[in-house]
Amino acid sequence: MGNSLKAVVAFVPSNECQKYLLEDLEEMPVDKMVDLSGSQLRRLPLHICSFRELVKLYLSDNNLNHLPPELEQLQNLQILALDFNNFKALPLVVCTLKQLCILYLGNNKLCSLPLELRLLQNLKTLWIESNCLQYLPEVVCELTLLKTLHAGSNALRMLPTQLRCLQELRTIWLSGNLLSEFPAVLLDMPFLEVIDVDRNSIRFFPSLAHLPGLKLVIYDHNPCRNAPKVAKGVRRVGRWSEESPEPRKRSGAVVEIPLDERPSPPPAIKPELE
């Protein structure tokens, strides 16, 4: 079906048009997965909500700004992708899907997250990158099983101290924010394995050598005058990392050594369930 035709059909609220958008998807898929990404959807076809055994639902890259209350019927859903849509607020019906493990909300227009998000106590991966967040919602700190948090490309200036409560958190992506200082709370999270603060405004990095779980720190594209110290075996990506010395001091002044710009890490791939 051509994209232009889909865009026209998406405006028509009849059952026939909904089925047309779904093409041949009339019964529950054997793999318990529905992928309607890039389908020009402006509303979720209600027929999907009848697939009560559905485990994975991908709705990325559409024109959605709300979801029907009938979505609550999908109580077996474990992966929900809502990234690249037009959500200004997270529909509360999402917070009723208590088996969710992975939730993609990136590239929307979210300025906050509802307190009801705390109901998703099985959530292990949360992507909220490329939204309009000026602060990290404290409700995120109540997701006790969270392992991966992607909050890059927002307008974050600091992180809440409650973040240290997330003792299962292993990876945090904060690139492309407005951090002027390295978030102090991360120094109290010895279980972190990956810290990404690329493309911020951090001028000084404290030592990270005391973090026993750390494997990778990405700090490139910051106006820093030093590289973060790390324990042996920890990989650093940024200025004066393993391949280059830190700036030499001469008469108390810092003389920077010209460096080629380090490549950004490869784009992350959406993980599947473990």
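Our structure's up above, just so we're on the same page.
Just so you know, these numbers come straight off a predicted model, no measurement behind them.

### Remarks on the overall build of the protein
Turning to step 1, where the next piece is worked out: Secondary structure assignment for the protein yields 2 helices and 12 strands.
Turning to step 2, where the next piece is worked out: The order of helices and strands in the protein, counted from the N terminus, is α-α-β-β-β-β-β-β-β-β-β-β-β-β.
Turning to step 3, where the next piece is worked out: In the protein, 27% of the contacts between residues at least 6 apart in sequence involve partners at least 24 apart.
Turning to step 4, where the next piece is worked out: Here the protein displays about 13800 Å² of accessible surface, and carbon together with sulfur accounts for 52% of that area.

### Structural notes on the sheet that holds strand 10 (residues 235–237)
Turning to step 1, where the next piece is worked out: Ordered by their spatial adjacency, 10 strands build an open sheet running 1-2-3-4-5-6-7-8-9-10, and the pairing between neighbours is parallel. With one partner strand each, in any of the chains shown, strand 1 (33–35) and strand 10 form the two edges of the open sheet. Pairwise comparison of adjacent strand axes, ignoring direction, gives a mean angle of 5° for this sheet.
Turning to step 2, where the next piece is worked out: Both strand 6 (residues 148–150) and strand 7 (residues 171–173) contribute to a ladder of 3 bridges, which runs parallel. Its bridge partner lying in strand 7, His150 is registered against Trp173.

### A word on the pattern of salt bridges
It is possible for side chains of opposite charge to pair when their charged atoms get near one another.
Turning to step 1, where the next piece is worked out: Scanning the model with the defined rule gives 4 salt bridges in all.
Turning to step 2, where the next piece is worked out: The partner of Arg118 in a salt bridge is Glu142, with the nearest N and O atoms 2.8 Å apart. Taken together, the positions of Arg118 in the loop between strand 4 (102–104) and strand 5 (125–127) and Glu142 in the loop between strand 5 and strand 6 put the pair 24 residues apart, joining distant regions of the chain.
Turning to step 3, where the next piece is worked out: Classification of Arg118 by relative accessible area gives partly exposed; the value is 33%.
Turning to step 4, where the next piece is worked out: Exposure remark for Glu142: the relative accessible area of 33% places this residue in the partly exposed category.
Turning to step 5, where the next piece is worked out: A salt bridge links Asp188 to Arg164, with the nearest nitrogen and oxygen atoms 2.9 Å apart.

### Details of the environment of Val217
Turning to step 1, where the next piece is worked out: For Val217, the location among the structural elements is in strand 9 (residues 216–218).
Turning to step 2, where the next piece is worked out: Using a relative accessible area of 0% as the deciding quantity, one classes Val217 as buried.
Turning to step 3, where the next piece is worked out: Separated by 20 residues in the primary sequence, Val217 and Val197 have C-alpha atoms spaced 7.9 Å apart.
Turning to step 4, where the next piece is worked out: Ignoring sequence-local partners within four residues, the contact set of Val217 consists of Ile195, Leu208, Val230, Arg235, Arg236 and Val237.

### Description of unusual backbone geometry
Turning to step 1, where the next piece is worked out: Although it is not a glycine, Lys32 adopts a positive phi angle of roughly 60°.
Turning to step 2, where the next piece is worked out: Mapped onto the elements, Lys32 comes out in the loop between helix 2 (15–22) and strand 1.
Turning to step 3, where the next piece is worked out: Its relative accessible area of 36% is what places Lys32 among the partly exposed residues.
Turning to step 4, where the next piece is worked out: A positive phi angle is found at Arg199, which is not glycine, with a value near 60°.
Turning to step 5, where the next piece is worked out: A relative accessible area of 43% places Arg199 in the partly exposed class.

### Points about the side chain of Asp83
Turning to step 1, where the next piece is worked out: Here Asp83 is to be found in the loop between strand 3 (79–81) and strand 4.
Turning to step 2, where the next piece is worked out: In this structure the side chain of Asp83 is engaged in a polar contact, spanning 2.5 Å, whose partner is the side chain of Ser60.

### Description of the environment of Ile195
Turning to step 1, where the next piece is worked out: Locating Ile195 in the fold gives a position in strand 8 (residues 194–196).
Turning to step 2, where the next piece is worked out: In this structure the C-alpha to C-alpha distance between Ile195 and Leu174, which are 21 residues apart in sequence, comes to 7.8 Å.
Turning to step 3, where the next piece is worked out: The residues touching Ile195, leaving out its near neighbours within four places in the chain, are Ile172, Phe182, Leu186, Leu211, Leu214, Leu216, Val217 and Ile218.

### A look at the side chain of Asn222
Turning to step 1, where the next piece is worked out: Topologically, Asn222 is positioned in the loop between strand 9 and strand 10.
Turning to step 2, where the next piece is worked out: From its side chain, Asn222 meets the backbone nitrogen of Asn200 in a polar contact 3.3 Å long.
Turning to step 3, where the next piece is worked out: For Asn222, the side chain forms a polar contact with the main-chain oxygen of Asp220, separated by 3.3 Å.
Turning to step 4, where the next piece is worked out: If near-sequence neighbours (up to four positions away) are discounted, Asn222 is found in contact with Val197, Asp198, Arg199, Asn200, Ser201, Ile202, Phe205 and Arg239.

### A short note on the state of the cysteines
Turning to step 1, where the next piece is worked out: Summed over all chains, the structure comprises 0 disulfides.
Turning to step 2, where the next piece is worked out: Cysteine Cys132 is unpaired, with the sulfur of Cys111 as its nearest cysteine sulfur at 4.6 Å.
Turning to step 3, where the next piece is worked out: Taking relative accessible area as the criterion, Cys132 reaches 38% and is therefore assigned partly exposed.
Turning to step 4, where the next piece is worked out: Cys141 takes part in no disulfide bond, and the closest cysteine sulfur, belonging to Cys165, lies 7.0 Å away.

About the criteria used
- Residues numbered from 1 in each chain as written.
- Predicted model: local features only at pLDDT ≥ 70, side-chain atom pairs only at ≥ 80, totals over all residues.
- Heavy atoms only, no water.
- Helix = DSSP H or I, 4+ residues; strand = E, 2+ residues; numbered from the N terminus.
- Contact = heavy atoms within 4.5 Å.
- Areas by Shrake-Rupley, 256 points an atom, 1.4 Å probe, with all protein chains shown as cover.
- Pairing = 2+ DSSP bridges.
- Axes fitted to C-alpha atoms, helices over the stretch in contact; angles between N-to-C directions.
- Salt bridge = Lys/Arg side-chain N within 4 Å of Asp/Glu carboxyl O.
- Buried < 20%, exposed > 50% of the residue type's maximum accessible area, 1.4 Å probe, protein only.
- Polar contact = N/O pair within 3.5 Å; in protein donor to acceptor, adjacent residues only side chain to side chain.
- Disulfide = S-S within 2.5 Å.

Just distances and angles here, no functional claims.
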